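In case you want the letters, here they are:
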Amino acid sequence: MIQRIQTLYLFIAAAMCAVSIFLPLAQFAAGAESFDLCAYGLKDSDGQILIRTNYMAMLLDAACVLPLVIIFLYNRRMLQFRLCVAEIVLLVGAQVIMLIYCFLANRMFSELAFHASSIRVTAFLPVAAILFCWLAARGIMHDEIMVRSLDRIR
């Protein structure tokens, strides 16, 4: 249902994943050029993709869509709970792949004479989305326990 607090948590998690998809996750400078690591690839200052990051993009896309699907499965609370756990696994996988790509890009640019790297705040939004998915799963399980206790009373 739209009135439940876990709907708000899931919507916030989807919004955080969407922001992670569209904004740069890290920035690297090598020589006079700067490069941005986005969900879909490592881009130079002209916007051309140098290295594609398809796996990270697929995980973040799925992690963005799944909470919106979970919201509309309000009649099936146990399926909602399982999908919330799957969402947490997707977000952990996306965060691990994101850190791997940041490490590989940093190694690639560290061979040059002048290099600098910075990780943006958007790289940590999936961690916050994990927290909101956990809160949603906790709320869903609380609702399920309450419904089962009411069924037992009848």
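We now turn to the structure provided with this report.

The rules behind the values
Residues numbered from 1 in each chain as written. Predicted model: local features only at pLDDT ≥ 70, side-chain atom pairs only at ≥ 80, totals over all residues. Heavy atoms only, no water. Patch = residues over 30% accessible without salt bridge, like charges linked within 9 Å, V, L, I, M, F, W, Y side chains within 5 Å. Areas by Shrake-Rupley, 256 points an atom, 1.4 Å probe, with all protein chains shown as cover. Salt bridge = Lys/Arg side-chain N within 4 Å of Asp/Glu carboxyl O. Helix = DSSP H or I, 4+ residues; strand = E, 2+ residues; numbered from the N terminus. Pairing = 2+ DSSP bridges. Axes fitted to C-alpha atoms, helices over the stretch in contact; angles between N-to-C directions. Core = buried A, V, L, I, M, F, W, Y, C linked by side-chain atoms within 4.5 Å. Buried < 20%, exposed > 50% of the residue type's maximum accessible area, 1.4 Å probe, protein only.

Attention shifts here to a nonpolar patch on the surface. Together, Val92, Val96, Ile100, Phe103 and Leu104 give the surface a local cluster of nonpolar side chains, amounting to about 440 Å² of exposed area. On the secondary structure map, Phe103 appears in helix H3 (residues 77-110).

A separate point is the sheet that holds strand E2 (residues 33-38). Taken together, five strands build an open sheet; the order of strands is E4-E3-E2-E1-E5 and the sheet is antiparallel. Each having just a single partner strand, strand E4 (49-52) and strand E5 (115-119) make up the two edges of the open sheet. Shown here is a sheet whose adjacent strand axes are inclined to one another by a mean of 20°, direction ignored.

Residues Phe28, Leu37, Leu60 and Phe109 are the most contacted members of the largest nonpolar core, which totals 30 residues. Going through the elements one at a time, helix H1 (5-22), strand E1 (26-30), E2, helix H2 (54-71), H3 and helix H4 (125-153) are the ones with two or more residues in this core. The biggest single contributor to this core is H3, with eight residues. In terms of nonpolar packing, the next biggest core, distinct from the first, is built from eight residues, Leu66, Ile70, Ile71 and Cys84 among them.

Taken as a whole, this structure holds three salt bridges when the rule is applied. As a salt-bridge pair, Arg4 and Asp143 come within 3.2 Å of each other at their nearest N and O atoms. Of the two residues, Arg4 is situated in the segment before H1 and Asp143 in helix H4; the sequence distance between them amounts to 139 residues. Classification of Arg4 by relative accessible area gives buried; the value is 15%. Here Arg148 and Glu144 are joined by a salt bridge, their closest N and O atoms 2.9 Å apart.

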